[in-house]
Every structure is written in C-alpha cells, then in structure tokens.
Amino acid sequence: MAEPLGDWTRTHTCGALRADDVGVESVLLGWVHRIRDLGGVTFIDIRDREGVTQVVVRENEALMNAAKRLRSEHVVGVKGVVQRRSDDTVNTKLATGEVELLVRELRTLNEARTPPFQIAEDSPVSEEVRLKYRYLDLRRPRLQYNIGLRHRVTMAVRRFFDANGFWEIETPILAKSTPEGARDFLVPSRIHPGEFYALPQSPQIFKQILMISGMDRYFQIVRCFRDEDQRADRQLEFTQIDVEMSFARPDTVYGVIEPLMQQIFKEIGRDVTVPIRRMPYAEAIARYGSDKPDLRFGLAIADVSDVFRDADYRVFKEIVAGGGVVRGFAVPGGNRYTGSQIKALVDQAKQMGLAGLMWVRPGEPPVSAVKGLNEATLQRALAQADARRDDLLVMAAGAADGTSKLLGQLRLVIAKKENLVPADSYALLWVTEFPLLEYHEEDGRWYSMHHPFTSPLDEDLDRLESDPGSVRAKAYDLVLNGSEIGGGSIRIHDARLQARLFRRLGISDEEARVRFGFFLEALEYGTPPHGGIALGVDRIVATLAGESSIREVIAFPKTANALDLMAGAPSPVDARQLRELHLKPQG
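Remember, it's a predicted structure, so these values are computed and weren't measured experimentally.

Chemist: Would you mind showing me how to read the packing of helix α4 (residues 141-163) against helix α15 (residues 537-544) here?
Modeler: Closest axis-to-axis distance for the α4/α15 pair is 10 Å, and the angle between their directions is 120 degrees. With respect to their mutual orientation, α4 and α15 come out oblique. Where α4 crosses over α15, the handedness of that crossing is right-handed. Along its contact with α4, which presents Asn 146, Leu 149, Arg 150, Val 153 and Thr 154, the element α15 presents Val 537, Asp 538, Val 541 and Leu 544. Classifying every residue of the contact of α4 with α15 by side-chain character gives five nonpolar, two polar and two charged.

Structure below.
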C-alpha cells in the first residue's frame, strides 16, 4: 500500500553522506536496492542516481514489520540519524561506505512488481529485454553513470563555446530533401498534398547560410536522422556537436576543437596533449590500412616493394613490376608462433580477401615461408619493417590501397588477439587531405567523399575535370581509438566553383537549382570563406565510458532492426490520419 510523501523533503541524495555527517538527521528518498534481513536487524540499501546508502532498521517492532514488507525496487522514504559504521563493516566500494542511517521513520511511497531482471546486479540480460524495459535498465548504476557523463560532456561543450564567442542557433527539423548520401526520413505535408519535408541528416546548408548571414561563429547540439542500417556505432537518430566559423582555415578549426577535446576529457579526469597529431589520408591508408587508424598500438604497415623488385621470388617481383606493392608489418612476439598458429593466421588472411600471406621469422639465418629467398633479401625486408628478433614479419602483395586495407584489418585482429591495445588509453588523430571525389563503378559516376560543399585544395583545383581522382579536399576527420568521432571541411564559398563541382558530380545546372537553388542564390550575396566540423556525441561518450556500443550511452535507443521495443515504434496509424496526409493505406 503506497503511503503519501507528506511534508517530507529530501535532505541528502543517496550518494552524499560521509563521515563528517555523523549525528546529522537525514531524509533519504529512493529505491530499495538490496535487503538483508538478519532477524533482529534489517539492512536496506537505498539507491538514487547519485549512489547507494545503507540504512538500518532495528529495535522498533512497527518499523521492523514495515521493513520486512519491502521488496527490491519499492520506492521508499527513510528518516533517521547518520551513524558511523564499525571498522569491520566499512564498505570501501561505496562513497557512503563509512556511514549508515539509523532509521526512525519509514514510508513506502510505492510498490513495484518483480522486475524481469536484477537492477542491483550487472548480470547478463538479453538486449531485447533490456530495451523493452528500458525504464528499468536505466536505473542500473552503469547506465546512470553513462547518462550522467553524457550530460557533463554536453554541458562542458556549451560552456566552452559560449566562452569562445559562439552562438547556439537552432536550425529546422522539417527541411527540404536533398538526397546525397544516406536515405532521408520523409514527412508528408498535410497542407501541401503530395509534398514532403525531410528530417535533416545534418544542418549543413543551414549552418553555411548562417555564415552568409554574418553570424560568424555558430554551434548547436543537434539531433540528426539517417535512414540507414543500424550498427554498434550508428543509430537512425543521433546527436552531434555542429560547428561553423567564418574566415576559417583548417588550422582555425583545429585551434578550436583541440581545446574543446581537452575540456571534454577533463570530465573523466584525463589530459589531452595538443596539438593533436595530423596525418594525410594517403599516409593513413598506406601505413594503417584505414582512414580512421587506431594508434594505441604499433603494427604500422611498411612498404617493402623495393626489396622484392629484383628478388628471386617471381610472384612478388611480377606484382611490383606491374605497379603493385609488397607491404607488411611485424607481429610483436610472433617468432614464438608454432607452425599451426602461423597456418591459422595465413588462413584467416585469405578469408579476409588477401591472396596469400608470406611470413619471415628473424634469426641467423631468417626462416621464410618461401624457400630459396636469399638471406640478404630477408634481412632487408626485416630491417625495412623494423622487425625485432622475437617478431614475425607478415607480408602481402597486390594493388596499393587494397593490400594496405586488408593488412589493416589483419592488424586489428592481431592486436586484439595478442592484447596489444593498452587498457584505458586514448589516441586522437586528425586525418587530413581526403580525396575530394570517389568513383563508383556500378553507376559510372563520381561522388563526393564527404559532401558536395567541400572545397578542393587550391593547388589541385586545376585537375577537377582532367583528373578528378587526384584532387584532394580541405577535409579533415577527428579519430579517437580507431573510430571517427568528427568530420568537417572548409566549404566552397564561390558560387561558380560550387556550380562547377555540381557539374563534375553529374548534377546539371537545372537539377542543382531544383535541389539547392536557395543555397546557390545565397552564395552570390557576399559569402565569406568558412568551414566547420560535426562531432558525434554518442561515439565520444561511448568511448569515454568504455562502451563498445553507442546504445549504452543513449537513453532510448533503437534495436539493430530499428525498433523501439519499449514504445512499440514504428507502428501502424489509422486510416483517418493517412487520409489527412493524402496517403493511401496499404492492402
């Protein structure tokens, strides 16, 4: 039976009481976390989002009877006096572990059904059950820490930008569909039959228009929407820190975002060294096989093509002669691998798509998978890859980018298998000078690697029509522990260059006017050079919290099948609503 709160007011949270509070009268309000009935005395752990406090019920028969009726997750109020625990009962795992509350009054504010899983234990629970009962899952200390961390990060972001002259400006949620990249979520218009709004994939055009409007420095913590397949680091709706600056160069953006990252990392008590390392895209692909390399460990890929250009190994020699490469990396401690372990590694490389994997064990003389290669060739390959005596050199050959990308995947697998990633470590990196465009064979046209408003490097602009694949962009991604947490660029501010790029992308002048007419017109009214970036809040907080999935730092995420199991979305709507929106029911 629920009792009224009455005139009680909480004096302390369940994480606040300390030894200095001994003798203080306190009122705690929260949920029953655990109960231990020892007959003549009952210990109850009371929980709220700030922590847990042990309360003690003894001597008073009415209170003892009330305590015995309590169950996990009942909502309670307790009033009593703070007392010190005996030395042998101090709980060093709790911030409140030196004290307990001796209860004088107890009120059961509400009862609870037996939960479908334990709130007090971080025991395995299926994701379907956790998301169906998300309101219970969110009571668990781990999730409450994550959501609290997310709050602290976004507050730090707002304080930082305010102190640095940025204005937070809201941009429309109901916008125009400009298909380019992921699929839009469309919203039918009731007032304009047959026409649709789109939920924004990004405020990109609007924030550029704010620069045209003279707003100079803009930011927004904004919800964005993309109708794409779900992954551990991707949801249909996500939150980003959106930033734009007038008169910006890449260094201008780095100079703002690097101290911002320092402020964000302070929320977990960690320092960020600036300037953050910068690496051109071409180097990232060649040395790590990825445009978002994880730099928390070594295993850098070395190019050993010159070693095999004139070697006796015909396979590698012919590949190099044909314009391909031989690349590889040293596996720390790999010289201890048995023959069966090496075979398993070779088989795994083939499953990933490599045609084969050649290996070399350092020694006197070195031992190779290929018989007949002379010692001098093997020693040169080992030296070029910085392989030490206890390492194993693995190498593959083929087209440059493809070979590096497959070796990059193998690099990550080996790092995980050999526990080479330092625990509780963070590595930030700027990846710069991305290709402006990428060619898609399936439809025979060029696409923007980032988006069509990205400016080419000035020195590459003359090759936009003649050799578009070689044109680099004033684009940059911020990478954290092998995950892209932000991407941005310096934008095109010249209307003629923007029209030129649209034509290069196969977008006619007429189509460009239909899709982007208002923006192209705005560019003609004195647009300043400008640029910015968007940072993924979900990915940043997940990494700081040590979570492998962004679902663990989002209050109400969707499943891998894009379902909201708690609310039952998506769901059918009645025929009347469809008629109002000028839509026909299916079936």
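The structure having been displayed, the exposition proceeds.
Chemist: What's the story with the pairing of strand β14 (residues 358-361) in this structure? I'm lost.
Modeler: The side chains of a regular strand alternate between both faces of the sheet. Neither face of β14 is open: one carries Met 358 and Val 360, the other Trp 359 and Arg 361, and all of them are buried. As paired strands, β14 and strand β16 (residues 392-398) are joined by three bridges and run antiparallel to one another. Of the residues in β16, the one forming a bridge with Met 358 is Met 395. Where β14 lies against strand β15 (residues 367-368), two bridges are found, and the strand directions are antiparallel. Within β15, the position partnered with Arg 361 by the bridge is Val 367. Counted along the chain from β14 to the antiparallel partner β15, the turn is five residues long.

Chemist: What's the story with the packing of aromatic side chains in this structure? I'm lost.
Modeler: Each aromatic ring pair is summarised here by two numbers: the centre-to-centre distance and the angle between the ring planes. All told, the structure shown has 16 aromatic pairs when counted by the stated rule. Between Tyr 133 and Tyr 135, the aromatic rings sit 6.2 Å apart at their centres with planes inclined by 75 degrees, giving edge-to-face as the arrangement. Centroid distance Phe 502 to Phe 516: 4.9 Å. Interplanar angle 10 degrees. Geometry classified as stacked. Linking Phe 502 in helix α13 (residues 495-504) with Phe 516 in helix α14 (residues 509-523), this pair joins segments that are 14 residues apart in sequence.

Chemist: I'm lost on helix α1 (residues 61-68) in this one. Help?
Modeler: Structurally, the α-helix is built with 3.6 residues per turn, so residues lying three or four positions apart point the same way. Within the sequence span of α1, burial applies to Leu 63, Met 64, Ala 66 and Ala 67. Angular distribution of buried residues about the axis of α1 spans 160 degrees; they occupy a single face of the element. Within α1, the exposed residues directed more than 90 degrees away from the buried face are Glu 61 and Ala 62. In this structure, the buried side of α1 is in contact with β2 (41-48), β3 (51-58) and β5 (99-110).

Chemist: Which parts of the structure should I look at to understand the sheet that holds β2?
Modeler: By definition, the strands of a sheet pair up through backbone hydrogen bonds, in either a parallel or an antiparallel sense. Reading around the circumference, β1-β2-β3-β5-β4 is the order of the five strands in this closed barrel, with mixed pairing throughout. Put simply, the sheet's adjacent strands are angled 55 degrees from each other on average, direction ignored. Bridge count between β2 and β3: eight bridges; the pairing is antiparallel. Across the sheet, residue Val 41 finds its bridge partner in β3, namely Arg 58. Sitting on the sheet, α1 touches β1 (25-37), β2, β3 and β5, and the angle it makes with β5 is about 65 degrees.

Chemist: Got a minute to help me understand the packing of helix α5 (residues 204-212) against α14 in this structure?
Modeler: Geometrically, a packed helix pair is captured by the angle between its two axes and the distance between the axes. Look at α5 against α14: their axes get within 10 Å of each other, and the N-to-C directions meet at 25 degrees. Taken together, the axes of α5 and α14 lie roughly parallel to each other. The chirality of how α5 crosses α14 is left-handed. For the pair α5 and α14, the contacting residues are Ile 205, Gln 208, Ile 209 and Ile 212 in the first and Phe 516, Phe 518, Phe 519, Ala 522 and Leu 523 in the second. Residues that form the contact of α5 with α14 fall into these classes: eight nonpolar, one polar and no charged.

Chemist: Sorry if this is basic, but what is going on with the pattern of salt bridges here?
Modeler: Once the charged atoms of two side chains with opposite charge are near each other, the side chains can pair. If you walk through the whole model with that rule in mind, you get 50 salt bridges. The partner of Arg 140 in a salt bridge is Asp 137, with the nearest N and O atoms 3.1 Å apart. Here the two residues Arg 140 and Asp 137 agree in accessibility, since each one is buried. Salt-bridge contacts for Arg 472 lead to Glu 433; the nearest nitrogen and oxygen are separated by 3.1 Å. With Arg 472 in the loop between β19 (445-448) and β20 (475-480) and Glu 433 in the loop between β17 (428-432) and β18 (437-440), this residue pair connects regions lying 39 residues apart in the sequence. Each of Asp 122, Arg 130, Arg 134, Asp 137, Arg 140, Arg 142, Glu 547 and Glu 552 takes part in a single network of salt bridges with overlapping partners.

Chemist: Sorry if this is basic, but what is going on with the sheet that holds strand β10 (residues 237-246) here?
Modeler: The strand order β6-β9-β10-β22-β21-β20-β17-β11 describes an open sheet built from eight strands, whose pairing is mixed. Here the strands that pair on one side only, and so sit at the sheet edges, are β6 (167-168) and β11 (278-280). Across five bridges, β17 lies against β20 in antiparallel orientation. Counted as the bridge partner of Val 431 is Asp 477 from β20. Across the sheet, α5 lies against β9 (217-225), β10 and β22 (530-536), angled at about 20 degrees from β10, the strand it touches most. Its contacts with the sheet put α15 on β10, β20, β21 (483-490) and β22, and the angle it makes with β22 is roughly 50 degrees.

Chemist: Help me understand the nonpolar core in this model?
Modeler: Side chains that are nonpolar tend, in soluble globular proteins, to be buried together. The biggest cluster of nonpolar side chains holds 39 residues, and the ones touching the most others in it are Phe 161, Ile 257, Leu 428 and Leu 478. Judged by nonpolar contacts, the second largest core, of 32 residues, contains Leu 437, Phe 502, Ile 507 and Phe 519.

Chemist: Could you clarify how one ought to interpret empty space enclosed by the protein in this entry?
Modeler: Empty space among the atoms becomes visible once a probe the size of a water molecule is rolled across them. Tallied over the entire structure, the rule returns one cavity of 30 Å³ or more. Approximately 30 Å³ is the volume found for the largest cavity. Looking at the largest cavity, the residues that line it are Leu 131, Phe 556, Pro 557, Asp 564, Leu 565 and Met 566.

How each quantity is defined
- Residues numbered from 1 in each chain as written.
- Predicted model: local features only at pLDDT ≥ 70, side-chain atom pairs only at ≥ 80, totals over all residues.
- Heavy atoms only, no water.
- Axes fitted to C-alpha atoms, helices over the stretch in contact; angles between N-to-C directions.
- Helix = DSSP H or I, 4+ residues; strand = E, 2+ residues; numbered from the N terminus.
- Parallel < 35°, antiparallel > 145°, perpendicular 65-115°, else oblique.
- Left-handed = near helix turned anticlockwise from the far one by under 90°.
- Contact = heavy atoms within 4.5 Å.
- Nonpolar A, V, L, I, M, F, W, Y, C, P; charged D, E, K, R; others polar.
- Buried < 20%, exposed > 50% of the residue type's maximum accessible area, 1.4 Å probe, protein only.
- Pairing = 2+ DSSP bridges.
- Phe/Tyr/Trp six-rings, centres within 6.5 Å; stacked < 30°, edge-to-face > 60°.
- Arc of directions from axis to C-beta.
- Salt bridge = Lys/Arg side-chain N within 4 Å of Asp/Glu carboxyl O.
- Core = buried A, V, L, I, M, F, W, Y, C linked by side-chain atoms within 4.5 Å.
- 1 Å grid on protein atoms, 1.4 Å probe; cavity = no way out; pocket = protein on both sides within 12 Å on 5 of 7 lines; lining within 4 Å.
- Points joined across faces, edges and corners; volume = space filled by probe spheres on them.

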